[in-house]
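Fold and geometry: a report
Below, each chain spelled out in residue letters.
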Amino acid sequence: MPVTLTVETPAGETHELTAEPGAVLRDVLLDAGLSPHGRYAKRVNCGGRGICATCGVRLAEPPDPDHWHDDLADRFGYPRLSCQLRVRDGMAVKLLDKRVWGSRQSGDGTD
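Described below are features of the structure shown in this document. (Residues numbered from 1 in each chain as written. Predicted model: local features only at pLDDT ≥ 70, side-chain atom pairs only at ≥ 80, totals over all residues. Heavy atoms only, no water.)

Let's shift gears to the overall build of the chain. Counting its regular elements, the chain contains two helices and five strands. A total of 111 residues make up the chain; the buried ones form 40% of that total. Contacts in the chain between residues far apart in sequence, at least 24 positions, make up 56% of those at least 6 positions apart. Of the roughly 6,500 Å² that the chain leaves accessible, carbon and sulfur atoms contribute 48%. (Helix = DSSP H or I, 4+ residues; strand = E, 2+ residues; numbered from the N terminus. Buried < 20%, exposed > 50% of the residue type's maximum accessible area, 1.4 Å probe, protein only. Contact = heavy atoms within 4.5 Å. Areas by Shrake-Rupley, 256 points an atom, 1.4 Å probe, with all protein chains shown as cover.)

Below, the structure is given as structure tokens:
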């Protein structure tokens with residue numbers, strides 16, 4: 001049974017998507033025409049292998065990381081890699097306005 005997730009773009013638009021539970025978030029976003037990549041990395045990226053760090057997103061309630069790169073991102077406040085995240089029901093995703101990777105989470109909860 002499909003799950004529902006909400007995606008907010010850098011422009012403030014909100015999209016509600018449905019996907020199969022456990023699908024890779026990066027793939028779900030790209031299939032919906034919503035790129036998690038910065039403008040320079042839309043064409044040049046690792047293809048979802050978790051090594052280029054260009055598909056970072058913010059999550060309202062991020063799961064525990066299970067990939068070394070995602071663990072470092074979580075530990076130091078950087079965006080989480082959408083290629084290493086699995087879709088779950090109710091997931092709230094924020095796409096970032098970024099040049100390459102994104103910035104650290106500021107102390108006040110904004111980007």
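This part takes up the pairing of strand 2 (residues 14–19). One ladder, built from six bridges, connects strand 1 (residues 3–8) with strand 2; its direction is antiparallel. The partner of threonine 6 across the bridge, within strand 2, is glutamate 16. In sequence, strand 1 turns back onto strand 2 through a hairpin of five residues, with glycine 12 there showing a positive phi of about 90 degrees. (Pairing = 2+ DSSP bridges.)

Along the chain, arginine 80 falls in strand 4 (residues 80–81). A relative accessible area of 4% means that arginine 80 is categorised as buried. Of note is the side chain of arginine 80, whose polar atom sits 2.9 Å from the backbone oxygen of proline 63. Apart from the residues lying within four places of it in its own chain, the contact partners of arginine 80 are Cys55, Gly56, Val57, Pro62, Pro63, Asp64, Pro65, Asp70, Asp74 and Leu85. (Polar contact = N/O pair within 3.5 Å; in protein donor to acceptor, adjacent residues only side chain to side chain.)

Here the structure, examined in full by the defined rule, presents three salt bridges. Residues aspartate 27 and arginine 26 are paired through a salt bridge, measuring 3.5 Å at the closest nitrogen-oxygen approach. On the basis of relative accessibility, which here comes to 36%, the residue aspartate 27 falls in the partly exposed class. (Salt bridge = Lys/Arg side-chain N within 4 Å of Asp/Glu carboxyl O.)

Turning next to the nonpolar core. Generally speaking, a soluble globular protein has its nonpolar side chains buried in company with each other. Core analysis: the largest hydrophobic core is formed by 16 residues, its most contacted members being Leu5, Val7, Leu25, Leu29, Val57 and Val93. Elements represented by at least two residues in this core include exactly strand 1, strand 2, helix 1 (25–31) and strand 3 (56–59). Discounting residues that sit within four places of it in the chain, leucine 25 has contacts with Leu5, Val57, Leu59, Ser82, Leu85, Val87, Met91 and Val93. (Core = buried A, V, L, I, M, F, W, Y, C linked by side-chain atoms within 4.5 Å.)

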